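Structural overview
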Amino acid sequence: MESSRAARRRARRFPRRPLMYTALACVAVVGVTAGGTVYVKAQAHSGVGVVSSAATPSLSPSSAVTPTTQEAAVAEAVVDLDERLADAMKSVSVTGEQKVSAAVLDLESGDSAVHGDGAFDTASIVKVDILAALLLRHQEAGTRLSAQEKAYATTMIENSDNTSASALWDIIGKASGLDAANEKLGLTGTKGGDGALWGLTRTTAADQLVLLQQVFGDDSELSEASRSYLRDLMGQIAADQRWGVSAAADGSGWALKNGWLPRSTTGLWDINSIGRVTVDGHAYLVAVLSNGSTAQAKGISLVEAAAKAAVSVFTGTAAR
């Protein structure tokens, strides 16, 4: 049976949706003409200047507002974060058969944005999900990871070792075990790969954001000990795999897991990256999924550009 916490999370999906920022603006009457036309100006709450000004229809002398009268009203300036992310993604060069989807969440405010809703092959980013499923199983059984499971988990996350991933995939019950865990974790658009093909699990950027919230957020089905364990491993990725969403960080902190897979049927690459980045002391969760790149390096460049664009939704810094 689904826990009440998971049910609440499923109902909310992303708590701040529909992904809006709201800024209050004060509208004050600043004067009237001799003919009774009232002029108003709206100034943003931040005090950055005049937002708009307009004139109302003429008032009769008996109802005219005197120059000393002030009326206050509240105007709401609304910014759609999905739209802002879509605009930021226009700076990302997509060529040939490349496709990309990105999602970002501000951990402090809980606001989020998603661009693209298609499903992609996970490649090795599913290893975070596999370990989350394993940790959840042990929590429910009141047991701890064995020494062998810890060894598998370390090499699977830090070195992206496939043999270790296959061993843990079998332990959690393959696709059925992953899907059952994801139902509890709140992932609704992810389906485990057939048989031993964990790398062909299908997922969406929005679902990966949910998974990252389970790892890096406070409202989680995973215990603090489980979350800390996963976060530590994702912060110690092998040096040659420190690309992807980390490109959006300012160097002060990141934790990630990347995935890369050349498809034998097309010769094109799946390149994905998920994780947490820190910019100017603020933490953001970022998920970027892509396919259709003709070379791994091109896919990495695409994912890194998309990660920068995603974070720019909150930082205001144009992606480079």
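These numbers come from a predicted model, not from an experiment.

**Comments concerning the overall build of the protein**
- Looking only at helices and strands, the protein has 9 helices and 11 strands in total.
- Buried positions account for 47% of the 320 residues belonging to the protein.
- Here the contacts in the protein between residues at least 6 apart in sequence split such that 64% fall between residues at least 24 apart.
- A total accessible area of about 15100 Å² is found for the protein, and carbon and sulfur atoms account for 52% of it.

**Quick word on the environment of Leu 85**
- Within the secondary structure, Leu 85 sits in helix H2 (residues 81–89).
- Along the sequence, Leu 85 and Ala 113 sit 28 residues apart, while their C-alpha atoms lie 6.6 Å from each other.
- The contact partners of Leu 85, leaving out residues within four places of it in the chain, are Ala 102, Ala 113, Val 114, His 115, Ala 309, Ala 310 and Val 313.

**Digging into the pattern of salt bridges**
- Applying the stated rule across the entire model yields 6 salt bridges.
- Put simply, Arg 263 and Asp 121 hold a salt bridge, and the shortest N to O gap is 2.6 Å. Placement of the pair is Arg 263 in the loop between strand E9 (254–262) and strand E10 (269–279) and Asp 121 in strand E7 (residues 120–121), with a sequence separation of 142 residues.
- Each of the salt bridges in this network shares a partner with another, and the network as a whole consists of Asp 121, Arg 202 and Arg 263.

**Thoughts on the packing of aromatic side chains**
- A full pass over the atoms with the stated rule returns 2 aromatic pairs.
- A centroid spacing of 5.8 Å and a plane angle of 20 degrees characterise the contact between Tyr 284 and Phe 314, whose relative ring orientation is stacked. Linking Tyr 284 in strand E11 (residues 282–293) with Phe 314 in helix H9 (residues 296–315), this pair joins segments that are 30 residues apart in sequence.
- Relative accessible area serves as the criterion here: at 14%, Phe 314 is assigned to the buried category.

**Some words on the packing of helix H3 (residues 126–141) against helix H5 (residues 162–172)**
- Orientation of H3 relative to H5, taken along the N-to-C sense of each, is 40 degrees, at an axis distance of 10 Å. As the angle between them shows, H3 and H5 are arranged oblique. Taken as a pair, H3 and H5 cross one another with a handedness that is left-handed. On H5, the residues that touch Lys 127, Ile 130, Ala 133, Leu 134 and Arg 137 of H3 are Asn 162, Ala 165, Leu 168, Trp 169, Ile 171 and Ile 172.

**Brief notes about the pairing of E11**
- Where burial is concerned, most of E11 is hidden: 10 out of the 12 residues are buried.
- By the bridge criterion, 8 bridges tie strand E5 (residues 99–106) to E11 in an arrangement that is antiparallel. Note that in E11 the partner of Val 100 across the bridge is Ser 290.
- Judged from the 10 bridges that link them, E10 and E11 form a sheet pairing that is antiparallel. Considered in E11, the bridge of Val 279 is made with His 282.
- From the end of E10 to the start of E11, which pair antiparallel, there are 2 residues, and Asp 280 there has a positive phi angle of about 50 degrees.

**Remarks on helix H8 (residues 224–234)**
- Within H8, the full set of buried residues consists of Ser 226, Arg 227, Leu 230, Arg 231, Leu 233 and Met 234. Along the axis of H8, the buried residues cluster in a sector spanning 165 degrees; they form a single face.
- Looking at the buried residues of H8, the elements they touch are H3, helix H4 (147–158), helix H7 (205–216), E9 and E10.

**A closer look at the confidence of the model for the protein**
- A residue-level look at the protein finds 75% of positions with pLDDT of 70 or above and a mean pLDDT of 82.
- Note that residues 17–77 has pLDDT below 50 and, in this model, 96 contacts with residues that lie over four places away or in other chains.

**What to know about unusual backbone geometry**
- Its identity is not glycine, yet Lys 174 carries a phi of approximately 55 degrees, on the positive side.
- Its place among the elements puts Lys 174 in helix H6 (residues 174–185).
- Since its relative accessible area comes to 35%, Lys 174 is described here as partly exposed.
- A positive phi angle, near 50 degrees, is found at Asp 280, a position not held by glycine.
- Checked against the element boundaries, Asp 280 lands in the loop between E10 and E11.

**Description of the environment of Ala 181**
- Within the fold, Ala 181 resides in helix H6.
- C-alpha of Ala 181 to C-alpha of Glu 221: the two residues are 40 residues apart in sequence and 9.9 Å apart in space.
- Not counting chain neighbours up to four residues away, the residues in contact with Ala 181 comprise Ala 133 and Leu 136.

**Topic: the nonpolar core**
- Counting 77 residues, the largest nonpolar core has Ile 130, Leu 131, Leu 230, Met 234, Val 286 and Val 288 as the members making the most contacts within it.
- Considering each element in turn, this core owes the most residues, 10 residues, to H9.
- Not counting chain neighbours up to four residues away, the residues in contact with Val 288 comprise Val 100, Ser 101, Ala 102, Val 245, Ile 271, Asn 272, Ser 273, Val 303, Ala 306 and Ala 307.

Thresholds, definitions, all that
Residues numbered from 1 in each chain as written. Predicted model: local features only at pLDDT ≥ 70, side-chain atom pairs only at ≥ 80, totals over all residues. Heavy atoms only, no water. Helix = DSSP H or I, 4+ residues; strand = E, 2+ residues; numbered from the N terminus. Buried < 20%, exposed > 50% of the residue type's maximum accessible area, 1.4 Å probe, protein only. Contact = heavy atoms within 4.5 Å. Areas by Shrake-Rupley, 256 points an atom, 1.4 Å probe, with all protein chains shown as cover. Salt bridge = Lys/Arg side-chain N within 4 Å of Asp/Glu carboxyl O. Phe/Tyr/Trp six-rings, centres within 6.5 Å; stacked < 30°, edge-to-face > 60°. Axes fitted to C-alpha atoms, helices over the stretch in contact; angles between N-to-C directions. Parallel < 35°, antiparallel > 145°, perpendicular 65-115°, else oblique. Left-handed = near helix turned anticlockwise from the far one by under 90°. Pairing = 2+ DSSP bridges. Arc of directions from axis to C-beta. pLDDT = per-residue confidence, 0-100. Core = buried A, V, L, I, M, F, W, Y, C linked by side-chain atoms within 4.5 Å.

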